[in-house]
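The chain contents come next:
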Amino acid sequence: MATITRPLPGSLPVTVPHPRLNEYLRWSVDHKIIGVQYMVTALFFFLFGGTLAMLIRWELLTPTLDLMADGSAYNSLFTMHATFMIFLWIIPVLAGFGNFLVPLMLGAKDMAFPWLNAFAFWLIPPAGVLLILGYFAGQAEAGWTSYPPLSTLFSGDGQTLWALAIHLLGLSSILGAINFIVTVKNMRPEGMGYFQMPLFVWAIVATSIIIVMATPFLTGGLTLLLLDRVAGTQFFNPAGGGDVLLWQNVFWFYSHPAVYIMVLPAFGIISEVLSVHSRKPIFGYRAIALSSMAIALVGFTVWAHHMFTSLTPELRIPFMITSMIIAVPTGIKVFSWLGTIWGGKIRFTSAMLFALGFLSMFVIGGISGVMLAAVPFDIHTHDTYFVVSHLHFVLYGGSVFGIYAGFYHWYPKITGRLMNERAGKIHFFLTYVGFFFTFFPQHIVGMLGMPRRVAVYAPEFQSWNVIISIAAFVLGISTFVFLVNAVMSLSRGRISGANPWRALTLEWATTSPPPAHNFIGDPVPFKNPYGYGTQASHAYLEAIDQRYGVSAMPNTDVTTPAPTSKLTSGD
Amino acid sequence: MSNQRIAEQSLSRAERQALANKRTAISVFQISWIMVFVCLIVVNLQIRGNFPTWPPAGVDGLERILPTVATAGLLASVFFAQRGLNAIRKEDRPVFLSSWRAAIGLGAAFVLIMAFEWVSVQFSGQFSDIFRVMIAYHAIHALVIGYMMVNVLNKGRAGAYNAVDNWGVEGAAKLWYFVVVAWILFYVVLYII
């Protein structure tokens, strides 16, 4: 394995032109452009879904129906909130990170199929349009879970548009996943075996395996749903010999693995951020890598825990067991992450703060998940706010915190500039506090008996709901702190240079932003992507500085030279 | 090392990479997309489980002779498609073209027979609905991939493929095998168990 130990002959600090704005608005086969397209499009839908969330919380300030016209309008509100957040925010934004980073981390010029990559992205905007058009046709109102008979017999034509849109999004997902698997399998550089890959790449591979195996099931189910709605079939109508449980089984066989699609890439982001920002090698690299695969595999055995109250009683126990087993590989990751930062030289950058926030919030979500895995508990809390709390702790406290950590960490690589750290910290504290007080009390109201998906609730829950709604508004405002920072930093942020975090993975061994084919010459991966604190890693980082110019250090006003004399720990 | 692999040594590194990528992609696609067919099989089995007998009381069972003949023809088409692929890898164009035509012909016969079955099944609620959905879903794939095979035939007649550059033939053949495997799964569920 070659290691850079001195500057390459004839090298000078390199600058490359930034892509123009119009390149991001049109068809491009460059994975970096496509990655940004995914991320920005997803952010737009995040705002849309977030607005719907604010309307939900506004409605729930009082126990009566006052904002929405009727229960159907409220049903549409939470249906579209969840649909946008799951299918148009979390899944695409993480695909965007994967698109931007995987070829760079592997030292490749692009993904295996650049045209297919672009095609997969451009399925997303029309899907979003179809969903929004639903508002003009009687919006879908059966929840993102689309249970019949509401979805087949009683929902407006928007439900048909919903099913078509999800079809498009599923296809986009599958095509992207095929691309990732082929790229990782065939396009790693010489000397980078599977166990020398960054953990983010492992996470993307595990996610892609889930996507290719599970999403086709959703395709099958949606096809039958559409046929029931438009072709007169009765697959899900008991009056016609059909079975509502059939939908539940088919749907959840996809949708439980889907939650791992939504969180595994965030796990990968956390592995990268924690190691870099604590200047320590990852603790338990193989354990984290293989636990991602274990989650992908075991994730297919738990789906019926979403159906404990409708399932044949004999089947509850096996699914309870598998649902508890799946906590084990995640627990391995959590302890490995803790082992990573323990004794590290922690830099409390915005990225690191969100990663630490992830650790705390995701663990709470994971614990509430194990509680829900217990059948006796779930029988009482099924369809209450306890479940809403759990899912938001893992999806917002987990995935979204991870996404924010990823944005702060890789923004310099994508744009060539650093985000403002002070604004980042304000964003973090507002988000952390707003998030906690929005969703933690929902455990309590859930256990007290408040059902989910209702606009009218018993008056004794009102004081809790007021606290939750106010905290939710704070959480909503915190999003704008991030957006303003991200936009302003495009022009006002300090020039970052190639490697402001002094990280060892290959995406940092090129300019920020990277040039058209990612690297100038053949990239040379460092033998251990997390091998901080050694003479060799210091020499590697020095060589990057020599080649591309010294990078800006965060929290300082001017670029500072990299240390040349004594090694400091974690250098 | 097979003759095909030896021939591919003459390709550039980028061309060998592209070929490896296409081969991996087709394999991943096949493993992924078979899951839709598995989903429909699961749906079929779950629907059946809700009835005391299958076919339900008062419903005639499916006719088996023609579909079995069609299935035999489909399996034979695999033989001819593979023969065609092997032939073009040895640049034996006449055998490639004749085998490929035979594969397409047998595939077309299969589609026509199953279309006849699809049209003639009596409406009987869930029994006929799930039958029709499964047959139609498979037929869409057979038609699309059959069209690809016709394109390959036309290009082959124009001299497009040779011992080294025959990915179009290989890709179409692999997709056709996928159609056949999916049908075998459906045939077992619809006509045997």
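Residues numbered from 1 in each chain as written. Chains lettered and ligands numbered in written order. Predicted model: local features only at pLDDT ≥ 70, side-chain atom pairs only at ≥ 80, totals over all residues.

Moving on to the overall build of chain A. Counting its secondary structure elements, chain A contains 18 helices and zero strands. Compactness check: chain A gives a C-alpha radius of gyration of 24 Å against a globular reference of 25 Å for 571 residues, within 12% of the reference. For chain A, the spread of C-alpha atoms along the three principal axes comes to 80 × 45 × 45 Å. Sorting the 571 residues of chain A into buried and exposed places 57% on the buried side. Within chain A, residue pairs in contact and separated by at least 24 positions form 84% of the contacts whose partners lie at least 6 positions apart. (Helix = DSSP H or I, 4+ residues; strand = E, 2+ residues; numbered from the N terminus. Rg over C-alpha atoms; globule rule 2.2 N^0.38 Å. Buried ≥ 20, exposed ≤ 12 C-beta atoms within 10 Å, placed from the backbone. Contact = placed C-beta atoms within 7 Å.)

Before going further, it helps to examine the overall build of chain B. Scanning chain B for helices and strands turns up six helices and zero strands. Walking chain B from its N terminus toward its C terminus, one meets helices and strands in the order α-α-α-α-α-α. Seen through its principal axes, chain B has C-alpha atoms that stretch 65 × 30 × 25 Å. Of all 193 residues assigned to chain B, the portion counted as buried reaches 30%. Intrachain contacts of chain B at a sequence separation of at least 6 include 76% that bridge at least 24 residues.

Across the boundary between the two partners, chain A contributes 27 residues, which contact 22 residues of chain B. Mapped by element, the contributors of at least two residues to the side of chain A that touches chain B are helix H7 (158-186), helix H8 (199-230) and helix H9 (244-278) of chain A. Considering each element in turn, the side of chain A that touches chain B owes the most residues, nine residues, to H8(A). Of the residues contributing to the side of chain A that touches chain B, the split by class is 15 nonpolar, ten polar and two charged. (Nonpolar A, V, L, I, M, F, W, Y, C, P; charged D, E, K, R; others polar.)

Residues and elements named next belong to chain A. With 94% of its residues at a pLDDT of 70 or more, chain A shows a mean pLDDT of 92. Scored below 50 in pLDDT, residues 1-12 makes 19 contacts in the model with residues more than four places away or belonging to other chains. Segment residues 556-571 is flagged for pLDDT under 50; beyond a separation of four residues in sequence, or across chains, it makes 23 contacts in the model. (pLDDT = per-residue confidence, 0-100.)

Let us look at the environment of A:Pro515. All names here are of chain A. Residue placement: proline 515 occurs in the loop between helix H17 (462-492) and helix H18 (535-548). We classify proline 515 as partly exposed; it has 14 C-beta atoms within 10 Å. Along the backbone, proline 515 and glycine 369 are 146 residues apart, and their C-alpha atoms lie at a distance of 44 Å.

To continue, consider the packing of helix H2 (residues 13-49) of chain B against helix H6 (residues 167-192) of chain B. All names here are of chain B. The interhelical angle for the contact between H2 and H6, taken along N-to-C directions, is 15°, at an axis separation of 10 Å. The orientation of H2 relative to H6 falls into the category roughly parallel. Seen along the crossing, H2 lies across H6 with a hand that is right-handed. Across from Leu19, Lys22, Ile26, Gln30, Ile34, Phe37, Ile41 and Asn44 in H2, the residues of H6 making contact are Trp167, Gly171, Lys174, Phe178, Ala182, Leu185, Phe186 and Val189. Of the residues contributing to the contact of H2 with H6, the split by class is eleven nonpolar, three polar and two charged. (Axes fitted to C-alpha atoms, helices over the stretch in contact; angles between N-to-C directions. Parallel < 35°, antiparallel > 145°, perpendicular 65-115°, else oblique. Left-handed = near helix turned anticlockwise from the far one by under 90°.)

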